[in-house]
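One-letter residues, chain by chain:
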Amino acid sequence: MRDIDFGNFNQAVSNINVLLDNLIRKRLSNNVFDKDKFLSILKFSLFSEDKNLRKVAVKLIRRLRLWDFGEYLKLLLNDPDATVRAVTILALAQMKDSDSFEKIKDLYFKDVNAVKIAALMYFGVIENSESRNMLLEALNTNNEDLKENAFQGLAWHTNYQDIDLIKDVILKDIGNYNLVCKYIKSLSTVNNPALIVFLEDLILKREVNDNIVLTSIYILYLKNITKYLLLADSILIKYLKNSDDINKHYFLYEIASNILWETKKINSSDQYKMSKLISDFSLYYKEREIKYIVRTIKNLNPVFHNLILKIMERNNLTIDTKSEIMSFLVHKNVDKNLRVLMFEFLNDSDLYIRELALFNLLSINFTKSDLVYVEEYLYRYQELHLKLIILAIIYLNS
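Criteria and cut-off values
Residues numbered from 1 in each chain as written. Predicted model: local features only at pLDDT ≥ 70, side-chain atom pairs only at ≥ 80, totals over all residues. Heavy atoms only, no water. Helix = DSSP H or I, 4+ residues; strand = E, 2+ residues; numbered from the N terminus. Rg over C-alpha atoms; globule rule 2.2 N^0.38 Å. Buried < 20%, exposed > 50% of the residue type's maximum accessible area, 1.4 Å probe, protein only. Contact = heavy atoms within 4.5 Å. Areas by Shrake-Rupley, 256 points an atom, 1.4 Å probe, with all protein chains shown as cover. Lys, Arg positive; Asp, Glu negative; His and termini not counted. Charge placed at Lys NZ, Arg CZ, Asp CG, Glu CD. Phe/Tyr/Trp six-rings, centres within 6.5 Å; stacked < 30°, edge-to-face > 60°. Lys NZ or Arg CZ within 6 Å of the ring centre and 35° of its normal. Salt bridge = Lys/Arg side-chain N within 4 Å of Asp/Glu carboxyl O. Core = buried A, V, L, I, M, F, W, Y, C linked by side-chain atoms within 4.5 Å. 1 Å grid on protein atoms, 1.4 Å probe; cavity = no way out; pocket = protein on both sides within 12 Å on 5 of 7 lines; lining within 4 Å. Points joined across faces, edges and corners; volume = space filled by probe spheres on them. Nonpolar A, V, L, I, M, F, W, Y, C, P; charged D, E, K, R; others polar.

Attention shifts here to the overall build of the chain. Tallying secondary structure elements over the chain gives 25 helices and 0 strands in all. Its C-alpha atoms give the chain a radius of gyration of 23 Å, within 12% of the compact-globule value 21 Å for 398 residues. Structurally, the chain occupies a C-alpha span of about 70 × 50 × 35 Å along its principal axes. Buried residues in the chain amount to 53% of all 398 residues. For the chain, restricting intrachain contacts to residue pairs at least 6 apart in sequence, the fraction spanning at least 24 positions comes to 66%. On the chain, roughly 19,100 Å² of surface is accessible, and the fraction owed to carbon and sulfur atoms is 48%. On the chain, the mean spot of the 53 positive side-chain charges and the mean spot of the 51 negative ones are 3 Å from each other.

Right, let's talk about the packing of aromatic side chains for a bit. Throughout the structure, instances matching the rule amount to 17 aromatic pairs. On the basis of an interplanar angle of 55° and a centroid distance of 5.5 Å, the ring pair of Phe-101 and Phe-123 is categorised as tilted. Linking Phe-101 in helix 7 (residues 101-110) with Phe-123 in helix 8 (residues 113-125), this pair joins segments that are 22 residues apart in sequence. Each member of the pair, Phe-101 as well as Phe-123, is classed as buried. Plain terms: the ring middles of Phe-281 and Tyr-285 are 6.3 Å apart, the flat faces sit at 45° to each other, and that makes the pair tilted. Among the aromatic residues, those joined into a cluster by ring pairs are Phe-101, Tyr-108, Phe-109, Tyr-122 and Phe-123. Seen from the ring of Phe-359, Lys-59 lies directly overhead, with NZ or CZ sitting 4.4 Å from the centre. Directly above the aromatic system of Tyr-377 lies the positively charged group of Arg-380, at a separation of 4.4 Å from the ring centroid.

Moving on, we come to the pattern of salt bridges. In the structure shown here, the tally under the stated rule is 27 salt bridges. Across the pair Lys-59 and Glu-355 runs a salt bridge, and its minimum N-O distance is 3.8 Å. A residue pair is termed long-range when its members are at least 10 positions apart, and Lys-59 in helix 4 (residues 51-64) and Glu-355 in helix 22 (residues 351-361) qualify at 296 residues. In this structure, Arg-85 engages Asp-111 in a salt bridge whose closest nitrogen and oxygen atoms are separated by 2.8 Å. With Arg-85 in helix 6 (residues 82-94) and Asp-111 in the loop between helix 7 and helix 8, this residue pair connects regions lying 26 residues apart in the sequence. Take Arg-85 and Asp-111: they sit in the same class, and that class is buried.

Here the focus is the nonpolar core. Across soluble globular proteins, you tend to see nonpolar side chains buried next to one another. Counting 144 residues, the largest nonpolar core has Phe-38, Leu-42, Phe-123, Ile-170, Leu-361 and Leu-388 as the members making the most contacts within it. Among the elements that take part in this core, helix 25 (residues 384-396) stands out by supplying 9 residues, more than any other.

What follows is about the side chain of Ser-100. Along the chain, Ser-100 turns up in the loop between helix 6 and helix 7. Relative accessible area serves as the criterion here: at 4%, Ser-100 is assigned to the buried category. Those residues within four positions of Ser-100 in sequence are excluded, and the remaining contacts are Lys-74, Leu-77, Leu-92 and Tyr-122.

In this section: the layout of surface pockets. Gaps left between atoms show up when a probe the size of a water molecule is rolled over them. Roughly 1,300 Å³ of volume is contained in the largest pocket. Lys-182, Lys-185, Arg-295, Glu-324 and Ser-327 are, among the 31 residues lining the largest pocket, the residues nearest its centre. At the level of secondary structure, the elements contributing two or more residues to the lining of the largest pocket comprise helix 4, helix 6, helix 12 (177-185), helix 14 (210-222), helix 16 (249-256), helix 19 (287-299), helix 21 (319-329) and helix 22. Here the lining of the largest pocket is composed, by residue class, of 10 nonpolar, 10 polar and 11 charged.

Listed below in structure tokens is the structure:
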């Protein structure tokens, strides 16, 4: 903190718009980006009256891994906005700041759901007996979001992994296959022979949902156990055989979107069949199918990735669908030539989508021409928090 002049601190915070404009003008006039000035503005933004600017500043500090800002972040645990408190906890978790444990524990007990979820992620990173007890307590609630994050947090506790507990939690919720699949996906860090035996038993149980079976096969595949891959292929073929009935397509895409197929590629002939279905019926599907269709396209070979254009042609895309499409476009397995489609979301009528698009763009390497294009939005946008994200993109690409 000693590099901040506290005498002028409040004045700087109140003049962030001027500071941003000066930095942008300097960039425009001589094509030089002052990284130190940007980092100072990022610090001042943490204490802006604009809650969106505070939220974005915290998220950028986390994304850029600016751990020297930790003492400033701790002050935002008292922020009046719940979203700011939640993203602050996530940032402190990433920097493994154990000093904030008591404060975050207090927030967990009295704050809103978003803050509780962030706190559970923090307890998963800060490994001690008290954090473990917090996670165990959350597993006994009826809130699926809390249970999912509590389970993941326990899986991260590598010093003490209770396989019997893991088995009990999974079997207790076995009827909720979406939740159980989330549980199982978090087990990639658990290295215990008893876990392998348990997952193999799940795979071979006739009454277990196919999505759970595929996710279990995925975890075993990560552990170099490949003997169940043919079973995975047979499950997919079973759903493809029912594809004459459009009402059953939802279940096909749910299966085809499984994380297993990101690493174990679907057979080429089956990929072609699914691509034909998506192409022929994309405008007729209901919203509930679209999320899984986008994820299915991601799991196909790059030659089929332009099917995403079929999805983008649909009218009145929801926020959730737009979010899925953006995640698809920046995914490491997706044809990089399609990433230019991300720029369409920079003009979206929804402010949240424009913000989300910019954050997704932080994860890609820019060509010079693409960076020039995104920089133009510094002059189009009025919202300071959007300008701050664009400046972060320049920071990463300078």
